[in-house]
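Structural overview for review
Each chain is listed here by its residues.
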Amino acid sequence: MDLDLEGIIQCIKQGDENGVQIQLQEFNKEYAQCFFFDSEERDRRKQRKLEEFRKNKVRDYDDSDSDCDQYQQEDRGLVLRQNLALVLVRFVRTGVKCPLLKVSLRTLRILSRDKKVLGPLVTDGALLTLARLAGLTAGDPSDEPADPDSDFYDHVIASLAEAKVLPRRSEEDEGEGAAEADDDGGGGECFVEDDVSNADSGDLDGGGGWPGARAVDDAQGGGARHKALERGRRDRRESKPEREGEEQEQEEEEVEGVPPGEEAQRKEALKVLCNVVYNSTWAQERFSGLRLMCGLRERLSSGAGGSSSSSVQFYELRLMFLVTALRRELSTQLQQEGGVSIFTAALESCLGVQWKDQYECVLDPAAPPISLEASQRVIEILKILFNITYSSHRQEPSEDDAALYRHLVAMLRVCLMRKCLLLDDTDELQGHTVNLLSAMPLQCLDVLLTAREEPDSAQGPGVNMECVHTLVLFMERRLESGDKMKEKLTPVFNLLTESCRAHRETRHYIRKHILPPLRDASHRPEEGSTVKSRLVRLMTHLDTDLKHSAADLIFVLCKENVSRFVKYTGYGNAAGLLATRGLLGGRGPGGASGYSSDSDSDTEEYRQVKDRINPVTGRVEAQQPDPMEGMTEEEKEEEAKRLIMLFNKLSRDDIIQPMGVDSEGKLVPMLGLRDNSLTEEVKSDSENDGEAEERQKSKP
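Values in this document were obtained by computation on a predicted structure and should not be read as measured data.

Attention now moves to the overall build of the protein chain. Of the regular secondary structure elements, the protein chain holds 29 helices and 8 strands. Of all intrachain contacts in the protein chain linking residues separated by at least 6 positions in sequence, the fraction that spans at least 24 positions is 73%. Entry remark: accessible area of the protein chain is about 36,100 Å², with carbon and sulfur atoms responsible for 48%.

With that settled, the discussion passes to the pattern of salt bridges. Once their charged atoms are close, side chains differing in charge can pair, the charge on each being opposite to the other. Inspection of every chain in the model, using the stated rule, returns 30 salt bridges. Linking Arg-478 and Asp-427 is a salt bridge whose minimum nitrogen-to-oxygen distance equals 3.3 Å. Of this pair, Arg-478 sits in helix α20 (residues 466–481) while Asp-427 sits in helix α19 (residues 423–437), and the two are 51 residues apart along the sequence. Taking the relative accessible area as the measure of exposure, Arg-478 reaches 11% and is therefore buried. Judged by relative accessible area, which is 22%, Asp-427 ranks as partly exposed.

Quick look at the side chain of Ser-104 now. Position of Ser-104 among the secondary structure elements: in helix α5 (residues 98–111). You can call Ser-104 buried: its relative accessible area is 0%. Those residues in contact with Ser-104, other than ones at most four positions away along the chain, are Leu-24, Leu-88, Phe-91 and Val-92.

Another aspect to go through is helix α25 (residues 562–569). Of all 8 residues making up α25, 7 are buried, and the element is well covered by its neighbours. Residues of α25 that are buried include every one of Val-562, Arg-564, Phe-565, Val-566, Lys-567, Tyr-568 and Thr-569, and no others.

Turning next to a nonpolar patch on the surface. A contiguous nonpolar patch, built from Leu-643, Leu-646, Phe-647, Leu-650, Ile-655 and Ile-656 and spanning about 520 Å² of accessible area, is present on the exposed surface. For Leu-643, the position within the fold is in helix α28 (residues 633–652).

Turning to α20, a few remarks are in order. Between its first and last C-alpha atoms α20 spans 23 Å; for 16 residues at 1.5 Å apiece the expected length is 22 Å, and the two agree. Those residues of α20 hidden inside the fold are in contact with α18 (399–417), α19, α21 (485–502), α22 (504–514), α23 (531–538) and α24 (544–557). Residue Gly-482 follows α20 closely and has a positive phi angle near 70 degrees.

Averaged over all residues, the pLDDT of the protein chain is 77; the fraction at 70 or higher stands at 71%. Scored below 50 in pLDDT, residues 61–65 makes 0 contacts in the model with residues more than four places away or belonging to other chains. Note that pLDDT drops below 50 for residues 174–233; the model gives that stretch 118 contacts with residues more than four away or on any other chain.

As a further point, take the packing of α21 against α24. At a closest axis distance of 9 Å, the pairing of α21 and α24 adopts a crossing angle of 25 degrees. Our classification of the angle between α21 and α24 gives roughly parallel. Handedness of the α21/α24 crossing: left-handed. Contacts between α21 and α24 involve Met-485, Lys-486, Leu-489, Thr-490, Phe-493, Asn-494, Leu-496, Thr-497, Cys-500 and Arg-501 on the former and, on the latter, Asp-545, Leu-546, Ser-549, Ala-550, Asp-552, Leu-553, Val-556 and Leu-557. Taken together, the residues of the contact of α21 with α24 sort by class into 10 nonpolar, 4 polar and 4 charged.

Take the environment of Ala-439 next. Along the chain, the position of Ala-439 falls in the loop between α19 and α20. For Ala-439, a relative accessible area of 1% corresponds to the buried category. Sequence separation between Ala-439 and Thr-389 is 50 residues; the distance between their C-alpha atoms is 6.3 Å. Residue contacts for Ala-439: discarding those within four places in its chain leaves Phe-386, Thr-389, Tyr-390, Ser-392 and His-393.

Each value, and the rule that gives it
- Residues numbered from 1 in each chain as written.
- Predicted model: local features only at pLDDT ≥ 70, side-chain atom pairs only at ≥ 80, totals over all residues.
- Heavy atoms only, no water.
- Helix = DSSP H or I, 4+ residues; strand = E, 2+ residues; numbered from the N terminus.
- Contact = heavy atoms within 4.5 Å.
- Areas by Shrake-Rupley, 256 points an atom, 1.4 Å probe, with all protein chains shown as cover.
- Salt bridge = Lys/Arg side-chain N within 4 Å of Asp/Glu carboxyl O.
- Buried < 20%, exposed > 50% of the residue type's maximum accessible area, 1.4 Å probe, protein only.
- Patch = residues over 30% accessible without salt bridge, like charges linked within 9 Å, V, L, I, M, F, W, Y side chains within 5 Å.
- Expected span 1.5 Å × (residues − 1).
- pLDDT = per-residue confidence, 0-100.
- Axes fitted to C-alpha atoms, helices over the stretch in contact; angles between N-to-C directions.
- Parallel < 35°, antiparallel > 145°, perpendicular 65-115°, else oblique.
- Left-handed = near helix turned anticlockwise from the far one by under 90°.
- Nonpolar A, V, L, I, M, F, W, Y, C, P; charged D, E, K, R; others polar.

Laid out in structure tokens, this is it:
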């Protein structure tokens, strides 16, 4: 549809709020699901032309003028959207009534998806206005920066008229080059806002990421080009399509003491802030400079007591997640200001936790699953807590911090054990719980094991293994899915590895499930569908972090014993970790003394074939004929010389590099190994000569 911005401005000037609302509702309905604007249509047109060219094998040059017209029309559309954002930011400051204010904020939310339109939305005045409408500040509209003069709308209309004339003049002066210049964003100079400059608009490409949207650079011509917003995954909490008008307004949640419609206004303003903060590094910096973080923290502190509806609190949490993920200093600030205790309380409120002991929550098997809204809020809280505690596992917590973390781990146990309405939500909740558990200090994780034993629960020697069992099942599901393996598997591998190092009972229980005693050695360790086979296959994965984390888990389950590790995985699969740790010589690390004494785990079936197992492949190989059978000693010597010559040629041409194991168990080039050996021999000879001279001198 063609945006009638001049019509909207005339309705605003005449006080025709009904006319403004109708036109904005039409815009919102048209672009509700649009994440691309002009680039979407441009990509479709390019694809059609490419298909026509492949079909006809002839490039049609007759439409070049129409192409220029289309590009110019796209740029005019961009100018209209930029100025629409500018007009609406000014309009919502003037005390608009709630229904129209909600529609205007929804239009701003749609516009804020496009990085090219962010200019009017990242000024201090715009951010303060949005923060006030979102309930983050209690300021009065008169306290915000002054607006332009009374002729503001006339200036916008004049700039639009000038923008229509500019492409024609450029076409006369520069020909086809005008289309390329306009495509680079030249139309953005039509802003009439005093505190928006071209320099500011150059800093609008934000970084970071979140599950709802991702940015991609559709023009690789450098940082001056803007980025288009890629369609992201829709929140499951909003599974129904958006509906405009009264039907949706009737479904808005009502909160006691809050005027009707105000919660919907807050939610829309928060959505706009989420898009702006995500897309603009300048907005992220100003979010800190304008002290909006304090207002958001206070809102979330009071929201734990039920002063906000669930949907509004969700977007408050989403905004806090974005801020803490994109600005490291704000994450640190939140931690220092008691963020862990604030969001631990919020988590407790969302889960409705009841306490059985100081660090033990009641787990009722008959309890209903976590609702859709509550599960999404819990997930956002877990993500925020991870942002502010991700380095805690490297630090020694104080006594008060340790008590707080243990209190949090007790609730994370509930997150692992409870189910959600949807299976995908349960998996996502457990995934973020694992991420946060991996950030907790190791000494606080014993809370997972000290819960009282329940009937039918997985039990170890004197401890409750139900939580560990859930973690193992979670790991198995992610191994079977095979999707985004590094992101989904590395956290649970690291958590289980560190837990096995710290807790003997955990290691025994997990080893019984993953590394049962070997009985069948006729297959390679990586063959099959067992958990062990899948883990061994990952040990040779292309991704270094993933293969090391999988190998570390098996290595710790083997008590970091090299021979046992090779027995279960085969030397070929184990070589990567052994080389990294300097264990190719077969000696275990010094830290292995912390494990209990080794026990003979060989089964009778394994002992019978042990001597016939190939240590490289880890299985019993079929008897192979001797390749040198029937050869004389001279022929064998000649064959050996030929092989040496071939290896030397490959080495001289840098095709291969002969390696050896040094005294520290690490791989080094053979030349370096030989030099080290010669140095050690010379040093040893000199020491022997020195001792001999001393003995000669000591003789009478």
